[in-house]
Amino acid sequence: MRQEAVDAVISGLKHAGVEVVCYLPDSLLKELYPALDADPDIRTIQVTNEGEGAAICGGVFLSGKRAALIMENSGLRASVEHLARLGLGAGIPVIMIMSHRGDLGENNWWAIPHGITMEPILDALRTPYRIVKQTDEITQAIQDSYSWSYNAYHHSAVVLSGGIVR
């Protein structure tokens, strides 16, 4: 991830009023994590799995603050139960920012299923998403995601793809 993309993600989070970020490290976003950890305005929480991160983000929402779950798109499969209960059952939004593993151009055989299952899982959870491939679209996509989710009381996702993560 280039520095411009890292800066755009952090800018989007700050413009959206995010105070807490939960993340499970992913090599495509590896430059983002130290920048988040170093930012004095954002508290970071490293989680052991994405479901745990979704639950923490839901708790942050209930406290009146804003959180983000940053993960690889494979994390959707690990967090479906938590996301379904929070979003579909209780109206507690979790905003996800994820890398797009398995997109066209993927060179890791093990990542192909992540791309194949991502959109059907988001659709099954009734979760709108935006696939972003241009750095100059990141900040607005994150702001739009928070605006929609906090009006709809439901999840949304920003998927960082293409040259942003490769």
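The sections below set out a description of the structure shown in this document.

Thresholds applied
Residues numbered from 1 in each chain as written. Predicted model: local features only at pLDDT ≥ 70, side-chain atom pairs only at ≥ 80, totals over all residues. Heavy atoms only, no water. Phe/Tyr/Trp six-rings, centres within 6.5 Å; stacked < 30°, edge-to-face > 60°. Helix = DSSP H or I, 4+ residues; strand = E, 2+ residues; numbered from the N terminus. Lys NZ or Arg CZ within 6 Å of the ring centre and 35° of its normal. Expected span 1.5 Å × (residues − 1). Bend = angle between axes of the 7 residues up to and from the residue. Buried < 20%, exposed > 50% of the residue type's maximum accessible area, 1.4 Å probe, protein only. Contact = heavy atoms within 4.5 Å. Pairing = 2+ DSSP bridges. Axes fitted to C-alpha atoms, helices over the stretch in contact; angles between N-to-C directions.

1. Notes on the packing of aromatic side chains
Counted according to the given criterion, the structure contains 4 aromatic pairs. Relative to tyrosine 150, the ring of phenylalanine 61 lies with its centre 5.4 Å away and its plane at 65 degrees, an arrangement referred to as edge-to-face. Here phenylalanine 61 is found in helix α3 (residues 50–62), whereas its partner tyrosine 150 is found in helix α6 (residues 138–152), with 89 residues between them in sequence. Between phenylalanine 61 and tyrosine 153, the aromatic rings sit 6.3 Å apart at their centres with planes inclined by 75 degrees, giving edge-to-face as the arrangement. Placement of the pair is phenylalanine 61 in helix α3 and tyrosine 153 in the loop between α6 and β6 (156–160), with a sequence separation of 92 residues. Over the ring of tyrosine 150 we find arginine 66; its NZ or CZ atom is 4.1 Å from the centre of that ring.

2. Some details on helix α4 (residues 75–90)
In a regular helix each residue adds 1.5 Å, so 16 residues correspond to 22 Å; α4 covers 21 Å between its end C-alpha atoms and thus fits that length. At glutamate 81, α4 shows its maximal kink, close to 50 degrees. Those residues of α4 that fall on the buried side of the exposure criterion are Gly75, Leu76, Ser79, Leu83, Leu86 and Gly87. Looking at the packing, one finds that the buried side of α4 touches α3, β3 (66–72), β4 (95–99) and α5 (112–124). Within two residues after α4, glycine 91 carries a phi angle of roughly 70 degrees, on the positive side.

3. Quick notes on the sheet that holds strand β5 (residues 129–132)
One open sheet holds the 6 strands; their spatial order is β2-β1-β3-β4-β6-β5, and the pairing between them is parallel. Each of the sheet's edge strands pairs with one partner strand only, and the pair in question is β2 (43–46) and β5. Each strand axis lies, on average, 20 degrees off the axis of its neighbour in the sheet, ignoring direction. In the packing of α3 onto the sheet, contacts are made with β1 (18–23), β2 and β3, and the angle to β3 comes to roughly 170 degrees.

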